[in-house]
Amino acid sequence: MSPKPTGHVRGNDLILTRTFRAPIDDVWTSVAKSENTARWFGSWEGDPSPGKIVRLQLLHERGQPWTNVTIEECEAPRRLVVTMKDDYGEWRIELTLTQTDDTTELRFVQHLSDRKLAGDVGPGWEYYLDMLVAAREGKALPSFEDYYPAQKAYYLEGA
């Protein structure tokens, strides 16, 4: 059964959120510390300072390829902006964390060069963010086949 898509597209921005019952510093380590990102997305190596490039291994992609990621902004524990370039184009991604009481919201934004890309990209980020949730909760990781192509139409229709 396909999980219900949660994101939306505003202009050319793909926007998704996840909420965690945890302090902001704890959630930050899940999205910024290599041994934690390896559990749901990929491990990375290098200097994660603004203006620097780290190498990211996409552990859940076919062939587990490595890619370069430029750190545009890094304001721990609230904001991370990165860019990546691959065969499919340039990816600019913003993560913003906000804590209210004992809850932290992660807001994910990818700036799309073409809104039509949301049909392919949206389900992928739903999958990865649900992987983050599962990894943090110690649950079984979801299967990409449950997200794509089942969620493609949702994102093509404008989400």
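Quick caveat: nothing in here was measured; it's all calculated off a predicted structure.

Taken together, 8 strands build an open sheet; the order of strands is 1-2-8-7-6-5-4-3 and the sheet is antiparallel. Bordering the open sheet on either side are strand 1 (8-10) and strand 3 (42-45), each of which pairs with just one other strand. Averaged over all pairs of adjacent strands, the angle between strand axes in this sheet comes to 30°, irrespective of strand direction. Inspection of the sheet shows strand 3 paired to strand 4 (residues 53-58) by 4 bridges, in the antiparallel sense. Residue Glu45 lies in a different strand from strand 4, and its bridge partner there is Arg55. Each of strand 2 (13-20), strand 3, strand 5 (66-75), strand 6 (79-86), strand 7 (89-100) and strand 8 (103-111) touches helix 1 (residues 24-32); the most contacted strand, strand 7, lies at about 165° to it. Packing of helix 3 (residues 118-137) onto the sheet brings it into contact with strand 1, strand 2, strand 7 and strand 8, and relative to strand 2 it is tilted by some 15°.

In this section: the pattern of salt bridges. The full count for this structure, using the stated rule, is 11 salt bridges. The salt bridge partner of Glu73 is Arg79, with a shortest N-O separation of 2.9 Å. Measuring nitrogen to oxygen at the nearest pair gives 2.7 Å for the salt bridge that ties Arg92 to Glu94. For Glu94, a relative accessible area of 12% translates into the label buried. Because the salt bridges share partners, they merge into one network encompassing Glu73, Arg79, Arg92 and Glu94.

A few words now on the pairing of strand 4. By the bridge criterion, 5 bridges tie strand 4 to strand 5 in an arrangement that is antiparallel. In the sheet register, Ile53 faces strand 5, and the bridge partner there is Thr70.

The next subject is the environment of His8. Among the structural elements, His8 can be located in strand 1. Its relative accessible area of 27% is what places His8 among the partly exposed residues. Spatially, the C-alpha atom of His8 lies 9.0 Å from that of Ala118, the residues being 110 residues apart in sequence. A polar side-chain atom of His8 sits 3.4 Å from a polar atom in the side chain of Arg10.

A separate point is helix 1. Buried residues of helix 1: Ile24, Val27, Trp28, Ser30 and Val31, and no others. Relative to the axis of helix 1, the buried residues are bounded by an arc of 160° and lie together on one face.

Attention now moves to the pairing of strand 8. Relative to strand 8, strand 2 runs antiparallel, the two sharing 8 bridges. Across the sheet, Leu14 pairs through a bridge with Gln110, a residue of strand 8. In this structure, strand 7 lies alongside strand 8, joined through 9 bridges in antiparallel fashion. Among the inter-strand pairings, Glu94 is bridged to a residue of strand 8, identified as Val109. The loop that links strand 7 with its antiparallel partner strand 8 comprises 2 residues; one of these, Asp101, has a positive phi angle of about 55°.

To continue, consider the packing of aromatic side chains. Tallied over the entire structure, the rule returns 10 aromatic pairs. Ring geometry for Phe144 against Tyr148: centres 5.9 Å apart, planes inclined by 15°, an arrangement best described as stacked. Judged by its relative accessible area of 30%, Phe144 falls in the partly exposed class. Taken together, the ring pairs connect Trp40, Phe41, Phe108, Trp125, Tyr127, Tyr128, Phe144, Tyr147 and Tyr148 into an aromatic cluster.

Quick notes on the rules
- Residues numbered from 1 in each chain as written.
- Predicted model: local features only at pLDDT ≥ 70, side-chain atom pairs only at ≥ 80, totals over all residues.
- Heavy atoms only, no water.
- Pairing = 2+ DSSP bridges.
- Helix = DSSP H or I, 4+ residues; strand = E, 2+ residues; numbered from the N terminus.
- Axes fitted to C-alpha atoms, helices over the stretch in contact; angles between N-to-C directions.
- Contact = heavy atoms within 4.5 Å.
- Salt bridge = Lys/Arg side-chain N within 4 Å of Asp/Glu carboxyl O.
- Buried < 20%, exposed > 50% of the residue type's maximum accessible area, 1.4 Å probe, protein only.
- Polar contact = N/O pair within 3.5 Å; in protein donor to acceptor, adjacent residues only side chain to side chain.
- Arc of directions from axis to C-beta.
- Phe/Tyr/Trp six-rings, centres within 6.5 Å; stacked < 30°, edge-to-face > 60°.

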